[in-house]
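Secondary and tertiary structure notes
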Amino acid sequence: MYINSFRLCICLFLFFACTSQEHDNGSGKDSAEPKIENIVIDSAINDSIDNILANASFMYSIYENETRSKMLGNKLNQKPDDINTRFSYARELLNNGDTQEAISQIEAILNLIPSLKNVNDQSKMFHEFLGVCYLRIGEQKNCQENHNDSSCIIPIDVKGIHNYKYGSQKAIEIYSRLLKIFPNDNQSRWLLNIAYMTLGKYPEDVPKAYLIPLSINKSDWAMNNVSTRLGIDGFGLSGGVIADDFDNDGFIDIVTSTWGTEGQMFYYKNDGKGNFTNVTKSSGLSSVKGGLNLIQTDYNNDGYLDIYILRSGWMPERNWGIMPNSLLKNNGDETFTDVTIEVGLYSVTPSQSASWFDFDNDGDLDLFVANETNSQREKFPCELFENDNYTFKNVAANYGLNKVGYFKGVTTSDLNNDGWFDIYLSNLKGDNMYFESEVFNGKLLTFNEKAKYAGVTYPISSFPCWTFDANNDGHEDIYVASFDGTAFKDQSG
Ligand SMILES: [Ca+2]
Ligand SMILES: [Ca+2]
Ligand SMILES: [Ca+2]
Ligand SMILES: [Ca+2]
């Protein structure tokens with residue numbers, strides 16, 4: 001169980017490390033492109049976002065590492081002996097990719113307090129942190145600077161083995177020292193195994209007491225990262241992705257977004273011959289600030305898929321810069337127009353999840369937005385936007401759906417088989433909710449919350465959810481997964 005948690009942690013650690021690579025302008029492919037007109041979507045939304053970001057404070061936003069490391073560096077200059085500030089500064093440096101400087105800061109702490117140089121209860125976190133720093137150096141020198149299609153993929157195969165070995169060698173020294181004092185430390189044990197793997201010395205050289213055997217056959221892990229070869233390796237911090245046919249040519253295209261506040265979207269057109277063309281600039285999407293999640297829809301029934309962008313998930317406080325969601329209309333010619341304001345969807349709320357569905361059965365898609373509220377200070381009720389001739393009005397209150405919670409997921413489906421959609425909401429901090437349609441004489445009257453009755457309030461800390469007929473009995477079932485943040489708390493980086 002613990003091992004699985006740590007596996008997840010290191011995968012996330014590797015993921016975030018990979019995304020910290022610097023590209024010239026994000027795609028790494030643009031320099032090879034012919035001259036393309038860079039279409040800019042002239043959007044009031046972009047102005048609105050810029051304005052919000054200009055007034056935001058990122059001191060407590062854990063992904064704004066560059067800003068935070070500068071702030072903490074200034075704070076440290078005022079108080080150079082403050083160990084807590086120096087450690088926080090080192091953490092931000094590491095998260096921002098300034099790994100060597102992060103190591104220097106930890107070494108400065110060990111020099112200030114020499115007793116911390118030995119591994120013990122007090123010093124453990126500093127040594128763990130150094131271990132992660134050296135693993136990160138191994139990644140930066142190998143997986144990033146000399147990237148190939150096996151880089152960063154665990155279990156590491158022959159092509160993924162590090163040429164520059166110093167980082168992992170130092171990590172092995174550190175984790176070996178930690179395990180001598182803390183032999184049951186599963187985190188160090190897992191990372192020691194990873195470090196050996198990156199050097200091509202797993203499992204042979206891993207000390208028997210700490211070896212974690214693989215439970216899968218080598219032939220089962222033959223996965224290669226082909227994104228660089230296909231030209232779809234855009235750079236960004238997490239974000240959304242849609243694989244669908246945006247130009248109606250029968251081939252699946254890819255649109256991505258990044259969560260980074262300065263990030264942009266990417267649009268890769270499938271050429272039907274096994275490759276993709278980066279049409280981001282000509283589509284206008286390079287000028288759109290991306291979000292954490294993307295959902296495709298055809299809000300205007302013209303047969304072309306439009307894009308809804310969800311922003312500000314996990315940012316429940318105003319001073320983090322809560323931004324509006326956007327609707328991008330597909331113009332049918334591989335370009336998009338931001339129509340958020342003109343169709344009545346402009347709303348500044350933090351949200352990661354939404355669902356397009358025809359709740360009133362009138363033949364057009366309506367929109368439910370699951371908003372996130374994390375404090376009593378400011379509440380963000382959920383929204384139900386009714387589509388009326390392709391403009392929208394929030395009618396959530398009319399149906400008892402303007403609920404407040406830390407909603408991370410929404411799925412809509414006809415769960416009671418009455419021919420009308422029902423709604424299931426997952427809540428990170430509270431009971432999940434299930435709204436069943438109430439219909440009379442072929443008219444939708446309201447939605448009734450029946451989660452307790454239906455036995456679907458759990459699991460606690462719920463996150464993604466969806467509906468499907470798992471056992472083919474004609475009744476839709478609900479899948480909802482838990483997201484327990486405590487699994488991450490001891491993981492540096
Ligand atoms: Ca296509
Ligand atoms: Ca459309
Ligand atoms: Ca409708
Ligand atoms: Ca129903």
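Above this note sits the structure.
The structure presented is a predicted model; accordingly, all values stated were derived computationally and were not measured. (Residues numbered from 1 in each chain as written. Chains lettered and ligands numbered in written order. Predicted model: local features only at pLDDT ≥ 70, side-chain atom pairs only at ≥ 80, totals over all residues.)

**Remarks on the sheet that holds strand 11 (residues 383-388)**
To keep things clear, this is the line we draw: The rule for pairing is simple: two strands pair if DSSP sees at least two bridges between them. Helical segments are the DSSP runs of H or I of at least four residues, strand segments are the runs of E of at least two, and each set is numbered from the N terminus. Axes, fitted as lines to C-alpha atoms, cover a helix only where it is in contact. Angles between the N-to-C directions of the axes lie from 0 to 180 degrees.
Strand order in the open sheet formed by 4 strands is 9-10-11-12, with antiparallel pairing between adjacent strands. Sheet topology places strand 9 (351-357) and strand 12 (391-394) at the edges, where each strand pairs with a single neighbour. Neighbouring strand axes in the sheet, compared pairwise and without regard to direction, differ in orientation by 25° on average. Inspection of the sheet shows strand 9 paired to strand 10 (residues 366-371) by 6 bridges, in the antiparallel sense. Counted as the bridge partner of Phe357 is Asp366 from strand 10.

**Some remarks on the packing of helix 7 (residues 166-181) against helix 8 (residues 186-198)**
What counts here: Note that the term roughly parallel is reserved for angles under 35 degrees, roughly antiparallel for angles over 145, roughly perpendicular for angles of 65 to 115, and oblique for everything else. Throughout, a crossing is termed right-handed when the near helix is turned clockwise from the far one, and left-handed when it is turned anticlockwise from it by less than a right angle. Throughout, a pair of residues is in contact if the C-beta atoms placed from their backbones lie within 7 Å. Residue type decides the class: Asp, Glu, Lys and Arg count as charged, Ala, Val, Leu, Ile, Met, Phe, Trp, Tyr, Cys and Pro as nonpolar, and the leftover types, Gly among them, as polar.
At a minimum axis separation of 9 Å, helix 7 and helix 8 run at an interaxial angle of 150°. The angle between the axes of helix 7 and helix 8 places the two elements in the roughly antiparallel class. Judged by the twist between their axes, the crossing of helix 7 over helix 8 is left-handed. Contacts between helix 7 and helix 8 involve Ser168, Ala171, Ile172, Tyr175, Ser176, Leu178 and Leu179 from the former and Ser188, Arg189, Leu191, Leu192, Ala195, Tyr196 and Thr198 from the latter. For the contact of helix 7 with helix 8, the residue count by class is 9 nonpolar, 4 polar and 1 charged.

**Points about the sheet that holds strand 7 (residues 326-330)**
Pairing within the open sheet is antiparallel, and its 4 strands lie in the order 5-6-7-8. Looking at the sheet topology across the chains shown, the edges are occupied by strand 5 (293-297) and strand 8 (336-338). When strand polarity is set aside, the average angle formed by the axes of neighbouring strands in this sheet is 25°. Examined bridge by bridge, strand 7 and strand 8 share 3 bridges and lie antiparallel to one another. Bridge pairing links Asn330 to Phe336 in strand 8.

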